[in-house]
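Reading the structure
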Amino acid sequence: MTRRVSLVKNLDWWTVFIYVLLVFLGWVNIYAAVYNEEHQSIFDISQRYGKQLMWIGAAFFLAAIILIIEGKFFSAFAYPTYLIMLVLLIAVLIFGREVNGARSWFQLGSIRLQPAEFAKFATCLAISRYISQYNFKIHKFKSLVISSLILFTPAVLIILQRDAGSALVYSVFLLVLYREGLSGIVLFVGFLSAVLFIITLLLVKLYVLLIILGFSFVFLKLIGMRFKQILIGVLSVFIGFYLVWGIVRLLQVEVSVYWILLISIALNMLPFLYCIYKERLKNAIWVIIFAVGSLFFTFSVSYLFENVLELHQRQRINEVLGIESNPHRGAGYHVAQSKIAIGSGGFAGKGFLNGTQTKFKFVPEQSTDFIFCTVGEEWGFIGSTVVLFFLLILIIRLLFLAERQRSPFSRIYGYGVACILFFHLAINVGMTIGLAPVIGIPLPFFSYGGSSLWAFTILLFVFLRLDANRLELLR
Amino acid sequence: MNNFSNRKYIIGGIFILVVFIFIIRLFNLQIIDDTYKQSAENNSQRQVTQYPARGLIYDRNGKLLVYNQAAYDLMLIPRQLSAFDTVDFCNLLGIEKPQLVKGIKKAKRYSYRKASIFLKQLSSERYAVLQEKLYKFPGFFVQTRTLRKYPLKSAAHALGYLREVTNQEIKSDSYFRQGDYIGKSGIERTYEKDLRGKKGVKIFWVDVYNRIKGSYKDGKADKKAVSGKNLKTSLDIDLQQYGELLMQNKKGGIVAIEPQTGEILAKISSPGYDPEMFVGRAMSKNYQMMVQNDSLKPLFDRTMLALYPPGSIFKLVNGLIALQENVISPSTRFECQNGYHAGNFTMRCHAHASPLDLRHAVQQSCNAYFANVFRYVLESPKFGSVQDGYIAWRNHVMSFGFGRKLGIDLQNEKSGSIPTNEYYQKKYRKKWRALNVISVAIGQGELQITPMQMANMVAVIANRGYYYIPHIVKSVGDGEAIDEKYLKKHNTSIDSAKFASIIDGMEMVITGGEGSTGTLAAIKDIRVCGKTGTVQNSAEADHSVFVAFAPRENPKIAIVVYVENGVWGSRYGAPISGLMIEKYLNGEIAENKKWLEKRMLEADLINQTKSTSTNSAN
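Since we're looking at a predicted model, the values are computed, not measured.

**Details of the overall build of chain A**
Along its length, chain A carries 19 helices and three strands. By its C-alpha atoms, chain A is 85 × 55 × 45 Å across when sized along the principal axes. Per-residue burial over chain A gives 53% buried out of 475 residues. Taking as baseline every contact in chain A between residues at least 6 positions apart, the subset at least 24 positions apart corresponds to 70%. Summed over its atoms, the accessible surface of chain A is roughly 22,400 Å², and 71% of this surface lies on carbon and sulfur atoms. Each charge sign in chain A was given a centre, from 38 positive and 22 negative side chains, and these centres are 12 Å apart.

**What to know about the pattern of salt bridges**
Inspection of the entire model under this criterion finds 42 salt bridges over all chains. We note a salt bridge from Arg470 of chain A to Asp467 of chain A, for which the minimum N-O separation is 3.3 Å. With a closest N to O distance of 3.3 Å, Lys593 of chain B and Glu582 of chain B form a salt bridge. Taken together, the positions of Lys593 of chain B in the loop between α20 (569–586) and α21 (594–602) and Glu582 of chain B in helix α20 put the pair eleven residues apart, joining distant regions of the chain. Each member of the pair, Lys593 of chain B as well as Glu582 of chain B, is classed as buried. Shared partners join several salt bridges into a network, and the residues in it are Arg359, Arg464, Asp504, Glu507, Arg527, Arg552 and Glu553 of chain B.

**Quick word on the domain arrangement of chain B**
Size of an interface, as often reported, equals the accessible area lost when the parts are brought together. All names here are of chain B. In terms of domains, chain B is made up of domain 1 (47–81 + 95–233) and domain 2 (237–273 + 301–615). Using C-alpha coordinates to define each centre, domain 1 is positioned 46 Å away from domain 2. The interface is formed by 22 residues belonging to domain 1 together with 25 residues belonging to domain 2. Counting the surface lost from both domain 1 and domain 2, the interface buries some 2,200 Å², and carbon and sulfur atoms represent 55% of this.

**Overview of the domain arrangement of chain A**
Domains assigned within chain A are domain 1 (2–182 + 314–468) and domain 2 (196–295). Using C-alpha coordinates to define each centre, domain 1 of chain A is positioned 44 Å away from domain 2 of chain A.

**Here's the deal with the pairing of strand β20 (residues 557–563) of chain B**
Residues and elements named next belong to chain B. For β20, the buried fraction is high: seven of the seven residues fall into the buried class. Side chains of β20 alternate between two faces, with Ile557, Ile559, Val561 and Val563 and Ala558, Val560 and Tyr562 buried alike. Direction of pairing for strand β11 (residues 252–258) relative to β20: antiparallel, over a ladder of six bridges. By the bridge assignment for β20, Ile254 is matched with Val561. Of the pairings in the sheet, the one linking strand β19 (residues 543–550) to β20 comprises seven bridges and is antiparallel in character. Looking at the pairing, Phe549 lines up with Ala558 of β20.

**Concerning unusual backbone geometry**
Residues and elements named next belong to chain B. Of the consecutive residues Ser270 and Pro271, the connecting peptide bond is found in the cis state with omega at 0°. Inspection of the secondary structure assignment puts Pro271 in the loop between β12 (263–270) and α11 (283–293). Residues other than glycine seldom take positive phi values, yet Asn326 does so here, at roughly 60°. The residue Asn326 is located in the loop between α13 (315–324) and β13 (339–342) in this model. Positioned with a positive phi, Arg464 is a non-glycine residue whose angle comes to about 60°. Assignment of secondary structure puts Arg464 in the loop between α18 (451–462) and β15 (466–467).

**A short note on the environment of Leu134 of chain B**
Its place among the elements puts Leu134 of chain B in the loop between α5 (124–133) and β5 (140–149). When sequence neighbours within four positions are dropped, the list of residues in contact with Leu134 of chain B reads Leu74, Phe140, Phe141 and Val142 of chain B.

**Some words on the pairing of β5 of chain B**
Working note: regular strand, side chains alternate between the two faces of the sheet. Residue and element names in this part refer to chain B. With seven of ten residues buried, β5 lies mostly within the body of the structure. By the bridge criterion, ten bridges tie strand β3 (residues 64–76) to β5 in an arrangement that is antiparallel. By the bridge assignment for β5, Asn68 is matched with Arg148.

**Section: the sheet that holds strand β1 (residues 45–50) of chain B**
Residue and element names in this part refer to chain B. The sheet built from three strands is open, its strands ordered β1-β8-β9 with antiparallel pairing. Across the chains shown, the open sheet's two edge strands, defined by having one partner strand only, are β1 and β9 (212–215). In this sheet, neighbouring strand axes are inclined to one another by 40° on average, regardless of whether the strands run parallel or antiparallel. Pairing of strand β8 (residues 200–206) with β9, which is carried by three bridges, proceeds in the antiparallel orientation. In the sheet register, Phe204 faces β9, and the bridge partner there is Ser215. Packing against the sheet, helix α2 (residues 35–44) makes contact with β1 and β8, and its axis sits at approximately 60° to β1.

**Looking at the sheet that holds β19 of chain B**
All names here are of chain B. In space, the five strands of this open sheet follow the order β12-β11-β20-β19-β18, with antiparallel pairing throughout. The sheet is open, and its two edges are formed by β12 and β18 (529–535), each paired on a single side. Within the sheet, the average angular offset between the axes of one strand and its neighbour, ignoring direction, is 5°. Across the sheet, helix α19 (residues 499–511) touches β18 and β19, and the angle it forms with β18 is around 75°.

**Some words on the interface of chain B and chain A**
With 37 residues of chain B at the contact, the number on the chain A side is 50 residues. The three residues of chain B that bury the most area against chain A are Phe15, Phe22 and Gln30 of chain B, which together make up 19% of that side's buried surface. Across the contact surface, chain B and chain A share zero salt bridges. Between the two partners, chain B and chain A, sit seven residue pairs in polar contact (both at pLDDT 80 or more).

**A look at the packing of aromatic side chains**
Counted by the stated rule, this structure contains 51 aromatic pairs over all chains. On the basis of an interplanar angle of 55° and a centroid distance of 6.2 Å, the ring pair of Phe24 of chain A and Trp27 of chain A is categorised as tilted. A residue pair is termed a helical-turn pair when its members lie 3 or 4 positions apart in one helix, as Phe24 of chain A and Trp27 of chain A do in helix α2 (residues 13–34) at three residues. Above the plane of the ring of Phe300 of chain B lies Lys297 of chain B, whose end atom (NZ or CZ) is 5.6 Å from the centre. Above the ring of Tyr466 of chain B, the side-chain terminus of Lys489 of chain B is found at 4.2 Å from the ring centroid.

**Things to note about helix α19 (residues 450–468) of chain A**
For α19 of chain A, spanning 19 residues, the distance from its first C-alpha to its last is 26 Å, which sits close to the expected 27 Å at 1.5 Å a residue. Burial analysis of α19 of chain A places 19 of its 19 residues in the buried class, the great majority of the element.

**Brief notes about helix α13 (residues 257–279) of chain A**
Residue and element names in this part refer to chain A. Taking 1.5 Å as the rise per residue, α13 with 23 residues should run 33 Å; its terminal C-alpha atoms sit 32 Å apart, in good agreement. Remark: the principal bend of α13, roughly 35°, maps to Met269, with a proline, Pro271, within the next four residues. For α13, every residue scored as buried is listed here: Tyr258, Ile260, Leu261, Leu262, Ser264, Ile265, Asn268, Phe272 and Ile276. Each element contacted by the buried residues of α13 is listed here: α11 (205–222), α12 (227–251) and α14 (284–308). At the exit of α13 stands Arg280, carrying a positive phi of roughly 55°.

**Structural notes on the confidence of the model for chain A**
Parts of the model with low pLDDT should not have their predicted coordinates read in detail. Residues at a pLDDT of 70 or more form 94% of chain A, whose mean pLDDT is 84. The lowest-confidence element of chain A is helix α1 (residues 2–10) of chain A, averaging 68 in pLDDT; the highest-confidence one is helix α17 (residues 371–403) of chain A, averaging 94.

**A closer look at a nonpolar patch on the surface**
A grouping of Ile247, Leu250, Leu251, Val253, Val255, Trp259, Ile263, Leu267 and Phe299 of chain A is seen on the molecular surface, where their side chains present a nonpolar patch of about 890 Å² in accessible area. In this fold, Val255 of chain A is placed in the loop between α12 and α13.

**Here's the deal with a positive patch on the surface**
Residues and elements named next belong to chain A. Taken together, the side chains of Arg48, Lys51, Arg97 and Arg112 present a region of like positive charge at the surface. Of note, Lys51 is situated in helix α3 (residues 48–68). Using a relative accessible area of 31% as the deciding quantity, one classes Lys51 as partly exposed.

**Points about the nonpolar core**
Of all hydrophobic cores here, the largest spans 136 residues; its most connected members are Leu378, Trp393, Met457, Ile576 and Met580 of chain B. A domain split of this core shows at least three residues from each of domain 1 (47–81 + 95–233) and domain 2 (237–273 + 301–615) of chain B. Beyond its immediate sequence surroundings of up to four residues, Met580 of chain B is in contact with Leu239, Tyr242, Gly243, Leu246, Ile254, Ala266, Ile268 and Ile559 of chain B. Of all hydrophobic cores here, the second largest spans 125 residues; its members include Ile138, Leu392, Leu399 and Val438 of chain A.

Basis of the calculations
Each chain carries its own residue numbering, running from 1 in the direction its sequence is written. To label them, take the chains in the order written and letter them from A, then take the ligands in the order written and number them from 1. Where totals are concerned, whole chains, interfaces and linings use all residues; where local detail is concerned, this predicted model gives features only for residues with pLDDT of at least 70, and gives and counts side-chain atom pairs only at 80 or more. With hydrogens and water set aside, each side-chain value is computed from the structure's full complement of heavy atoms. For helices the rule is a DSSP run of H or I covering at least 4 residues; for strands it is a run of E covering at least 2, with both sets numbered from the N terminus onward. Whether a residue is buried, partly exposed or exposed follows from its accessible area with a 1.4 Å probe, protein chains only, as a fraction of its type maximum: under 20%, in between, or over 50%, in that order. Contact between two residues is taken to exist if any of their heavy atoms lie within 4.5 Å; hydrogens are not considered. All accessible-area figures derive from a Shrake-Rupley calculation using a 1.4 Å probe, and residue coverage is judged against the displayed protein chains alone. By the counting rule applied here, Lys and Arg register as positive and Asp and Glu as negative, while His and the ends of each chain are not counted. Charge positions come from single atoms, namely NZ of Lys, CZ of Arg, CG of Asp or CD of Glu. Think of a salt bridge as a Lys or Arg side-chain nitrogen and an Asp or Glu carboxyl oxygen that are within 4 Å of each other. A domain assignment, automatic or from a database, supplies the domain bounds used here. The quantity reported as buried area is the accessible area (1.4 Å probe) lost by two parts once they are put together, taken as the sum for both. By definition, two strands form a pair when at least two bridges between them are found by DSSP. Between N-to-C directions, angles cover 0 to 180 degrees, with each direction set by a line fitted to C-alpha atoms, over the stretch in contact for helices. Within 3.5 Å is the distance limit for a polar contact, defined as a pair of N or O atoms, with the added protein rule that one can donate a hydrogen and the other accept it, and that residues adjacent in sequence qualify only through two side-chain atoms. Within 6.5 Å between ring centres, the rings of Phe, Tyr and Trp (the latter by its six-membered ring) count as paired, and their orientation is classed by plane angle as stacked under 30 degrees, edge-to-face over 60, tilted in between. Criterion for a charge above a ring: Lys NZ or Arg CZ within 6 Å of the ring centre, and within 35 degrees of the ring normal. Expected helix span is taken as 1.5 Å per residue step, with the number of steps being one fewer than the number of residues. To get the bend at any residue, fit one axis to the seven residues that end at it and another to the seven that begin at it, then take the angle between the two axes. A score from 0 to 100, pLDDT tells how confident the predictor is in each residue. Patch membership requires over 30% relative accessible area and the absence of a salt bridge. Like charges are linked within 9 Å, and nonpolar side chains (Val, Leu, Ile, Met, Phe, Trp, Tyr) within 5 Å. In these notes, a set of buried Ala, Val, Leu, Ile, Met, Phe, Trp, Tyr and Cys residues joined through side-chain atoms within 4.5 Å is what counts as a nonpolar core.

Rendered as structure tokens:
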């Protein structure tokens, strides 16, 4: 009896309230998205909103069960849960059912389950458990390898299911690791990679090389090289360039400007290294690593982009970068229609059930991945910002709750939940307004679908359960 | 590890930053940028033009001449196209795939967003089958239009025809869209704006498959199409059809006018054509055929476009002018010795008693009499010179409506020509004499007059001095008045008192006993007044002309019949005029004239032109 009372007292009711609110709003918007005159009852089980209501009921039931379970259970069973999940992810590759080109669903009678959704929860548990161990040192090689393994294994399995979108979610654990002491440089490198990735696709590789070169000189200045020396460096690259160019012309060989520049830079490396040695600039090695790494990175990006990514994935990325834009078909069409739906909502929206773009199916997947369009169209700028605010408040609240944990396991897990929710929010909403590539991942608590709703519910309520025990120390 | 707890600010900051960027983006999309609202409407609204029914056309007795029939055009909006079963589509429409590909290309060239016609005028059977399957072919929809239908297949020239609008017409009149029809000739053209009505529009919601999901704002934004106004023409369609029948196998024209009002009762140009040939898809083919391959020029409206010399009927005008100028009196007599002789000049005449007074000169159409009359006018001392005399004479002529467009409510009216003094000055080097232009006295020479103008001349005589501009539409819509200019009386320069003797002569043409030239136009119990004309035609047989009005008192009909290569006015012109008048006034032809009707109906001047012309070289 005392435990019950303390649960009710210690449960973070604010979070529960926002959760229920979001789930309710999601359901209302699903009703609006697929509304038709023939099935007006919001409880009609033959329709998606009717089904969603059932799933919401089941989700509440799940939440209640989770709250009853002892908090210790989750940390104790973190690894077994993770392993079972891996088995399921492998099983789905073999026994799964293919939907929209992705083999990621189990069919159980009329219900379909997507293990990838639950894998996030299991991975979150496992990584929290691992990092919270006493012997974990973030910059120890072994620790890094094992945590990477924990994160990458499900991601790779999910990629094998041809569901790259869900796999990308695991990249967000970088933020969790950062919170737990991972060097900021990793985060910076991650950011740099993203920038390089984009400019590699946007620009001709010669310009990419020039940009890297320019950055390298800026870094050299930052680590203490003198301006005169940098000027000499720039000049010698120039002279080298013209020398090589002259020789190439003389020999009458067809060599592109890109390679000429690369050769001249390579020729300059020897005097450059000598200069560093003389000046005792140890940090210069980082600059070289940066330059060579970036170069290598851009190469692999082009290779990856041309040879590994599938056509539709390339198109989606190109779409966001504005390289290719065909508003009549494919990803371009989706984004164009989605923007039209949201944009036409105006300040106050067209009103409940009055959205035309979503209801008349101009927007694809209007009740799942593109549910935000219904919000934007029917509730306008006001409605969409309110929804964004609720989601943000929930996530920030989770950060706050995570920070008040005594046990590192709970804290790390809390960060994991917040980061996963954030990633879904950023990619899903970003894609509907044309700021992120079209990656089919759901908007937490909003999108239609039992698997994702249950997965997010479990994710969230396990943390709430842990938070209710925040004064205990879990290992 | 709590030494890293400050990093919560960085992580939280990232979250807040991203959401903040999203809100800015949303602000931009939803509030600042208006194009998305426009796109949304383009996406999901379809404006379906409601075509008004074109006004119907009736004759003066309320008989229907033109009505509408539904036709279905298959329209295409290229932007809404998506992959569909082309084999099924082609089978439904009965077309080949290359045609489909070509059609889509053409539509895309015209506009990506605007609808253009893919296939014109589907049959209602095809339409019925297609309509059920149309949802499978996004981008296509059916536009209902109306086509003209002619129950009596008559009066083609007067009614005119419709044709699809050209790009130029679309540019100059914002009412039109591609695929619309416009009146191109006849009444359809003159009264286009009355007949076409006002287009309406219905706005529907459509989904991504272009299926209609309901009406926009419950139809409050819709506009109903307003039907075109009906027209009541002045034509008597029975008379019109009878005239067409009489003129079969003959070239020429008939115009009948109600003198008191100027209303055109019948207007026949022969050979004519079936108005249905110019409806719908067959039009361009038939048009080509008629313009290029038919030497008889069926499209040529002889009543208003053909410029004929009037021949002897013009003697009436000359007689009236002489009376008005007081250079002769009705009892003035002139000699005729088988013609008019002046020095070396001779104008031949047929054999008749001599001398004759004005009435008998009209009755027997004496050339010499009117040559004298014409010289009297031009050489009258009160005009100082022949030239001044001619100018005075021409002013009288012009007051009859000759030499200029009358202003009929039909397009393509020719003005004809009455030569000016300047023209003759140039031709004859300043000083010319009356003898130079003497052929004008008998309606030959440079005179160019349309049958419509001749009919108007008869109306003037019937009215004893005035006319109303001939017109073909009696009323527009629900008894709306027609253009004021058709209600205005136009007086000629001849006093009404001067007409009596001429009209006496005209009655004698029909019933004057010996020497009468137009006896075949006689009708029992009706006083018909007429005048024959035989127009010299150098190359082929002469043209037969007859003008008449009846009854003499309170005339109801004025008519001109012009039969090309009909030789004498008495041979075809007079009988046809008589039959027409009888038909109009009595409604039927008396038994004792059936033989004449039969002869006229059977006469064939087109297929036997050669034999007739050799017989009657005059």
